[in-house]
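Architecture at a glance
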Amino acid sequence: MHIIAQTPRLIIREFLPEELETYLHHFSDEEVCLYIPKRTTDERITIFHTALANYVNSKLTGIWGMFNKETGEFIGSCLLRPFNGDVKVTEVGYSMDKKYWGQGIATEMTEAMIAHTFSDTNVDEIVGVTELENIGSQRVLEKAGLKRVDNFFRDGLELAFFRKAR
């Protein structure tokens with residue numbers, strides 16, 4: 001298991017195969033899933049197994065688990081991926097269990113992922129997108145240093161768009 005980043009409260013690391021049920025349970029909460037793409041359980045299983053397989057090839061992009069550094073408890077998942085196929089631009093995203101909302105953890109994770117990307121890759125820019133109604137995640141992106149720019153359209157949906165250059 002490879003650790004991607006650590007903060008005072010978090011360990012961001014590769015998922016272990018035995019954590020599939022934890023990962024799936026996370027997405028069973030309607031509030032957690034309100035602003036993330038809708039997926040079936042089978043699609044989520046495929047995403048999880050693809051993430052595990054991709055750990056062999058990349059430590060720079062992927063989907064990882066966020067865990068409480070003190071207790072080891074699962075907090076949520078985060079991702080880094082090329083944005084619109086551009087390897088010089090990385091998109092950051094996340095989801096967290098409700099009990100962790102409002103504690104600054106998402107900002108802490110986003111700052112860690114920005115530092116990881118800018119120190120370990122030749123990526124020029126980090127971006128984040130949220131549904132227009134997702135004010136909480138927009139605040140997270142701004143607190144982490146991303147600036148709001150013109151809205152972006154993906155799959156017919158207008159999204160708030162944020163960016164930060166190296």
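The following paragraphs examine the structure supplied in this document. (Residues numbered from 1 in each chain as written. Predicted model: local features only at pLDDT ≥ 70, side-chain atom pairs only at ≥ 80, totals over all residues. Heavy atoms only, no water.)

1. Section: the environment of phenylalanine 83
Just so we agree on the cut-off: The secondary structure listing takes helices from DSSP runs of H or I that are at least 4 residues long and strands from runs of E that are at least 2 residues long, numbered from the N terminus. Here the term buried applies to any residue with accessible area under 20% of the maximum for its type, exposed to any over 50%, and partly exposed to those in between, with areas from a 1.4 Å probe on protein chains only. Should any heavy atoms of two residues lie within 4.5 Å, those residues are considered in contact.
Assignment of secondary structure puts phenylalanine 83 in strand E4 (residues 74–83). What makes phenylalanine 83 buried here is its relative accessible area of 8%. In contact with phenylalanine 83, other than residues within four places in its own chain, are Val89, Thr90, Glu91, Val127, Val129, Phe152, Arg154 and Phe161.

2. A few points about the packing of helix H3 (residues 105–120) against helix H4 (residues 135–143)
The relative placement of two packed helices comes down to the angle between their axes together with the axis-to-axis distance. How we decide: Axis definition: a line fitted to C-alpha atoms, over the contacting stretch in the case of helices. Angles run 0 to 180 degrees between N-to-C directions. Angle categories are assigned with fixed cut-offs, so that under 35 degrees is roughly parallel, over 145 is roughly antiparallel, 65 to 115 is roughly perpendicular, and the rest are oblique. Should the near helix be turned anticlockwise from the far one by less than a right angle, the crossing is left-handed, and should it be turned clockwise, the crossing is right-handed. As a working rule, the residues Ala, Val, Leu, Ile, Met, Phe, Trp, Tyr, Cys and Pro are called nonpolar, Asp, Glu, Lys and Arg charged, and the rest polar, with Gly in that last group.
The interhelical angle for the contact between H3 and H4, taken along N-to-C directions, is 45 degrees, at an axis separation of 9 Å. One way to sum up the angle between H3 and H4 is to call them oblique. Between H3 and H4 the crossing geometry is right-handed. For the pair H3 and H4, contact is made by Ala106, Thr107, Thr110 and Glu111 and by Val140, Leu141 and Lys143, respectively. Residues of the contact of H3 with H4, tallied by class, amount to three nonpolar, two polar and two charged.

3. Considerations on the layout of surface pockets
As a reminder, the rule being used: For each structure, a 1 Å grid was placed over the protein atoms alone; sets of points admitting a 1.4 Å probe that cannot get out are labelled cavities, open sets with protein on both sides within 12 Å along at least five of seven lines are labelled pockets, and lining residues have an atom within 4 Å of a point. Grid points are joined across faces, edges and corners, and a volume is the space filled by probe spheres set on the points.
Of the voids in this model, the second largest pocket is the one considered here, and its volume is about 160 Å³. Around the second largest pocket sit Ser58, Leu60, Thr61, Pro82, Asp86, Val87, Val89, Thr90, Thr117, Thr121, Asn122 and Val123, which together line it. Among the elements that take part in the lining of the second largest pocket, strand E5 (residues 86–96) stands out by supplying four residues, more than any other. Partitioning the lining of the second largest pocket into residue classes produces five nonpolar, six polar and one charged.

4. Examining the side chain of histidine 116
You can see histidine 116 is positioned in helix H3. In this structure, histidine 116 is in contact with Ile4, Lys59, Leu60, Leu80 and Thr121, ignoring residues within four places of it in sequence.

5. Describing the sheet that holds strand E2 (residues 10–13)
So the rule is basically this: Strand pairing is defined by DSSP finding a minimum of two bridges between the two strands.
Taking strand neighbours across the sheet as the criterion, the eight strands line up as E1-E2-E3-E4-E5-E6-E8-E7 in an open arrangement whose pairing is mixed. Single-partner strands in this sheet number two, and they are strand E1 (3–6) and strand E7 (147–154). Put simply, the sheet's adjacent strands are angled 30 degrees from each other on average, direction ignored. Here eight bridges tie E4 to E5, and the two strands are oriented antiparallel to one another. Pairing of cysteine 78 across the sheet is with tyrosine 94, part of E5.

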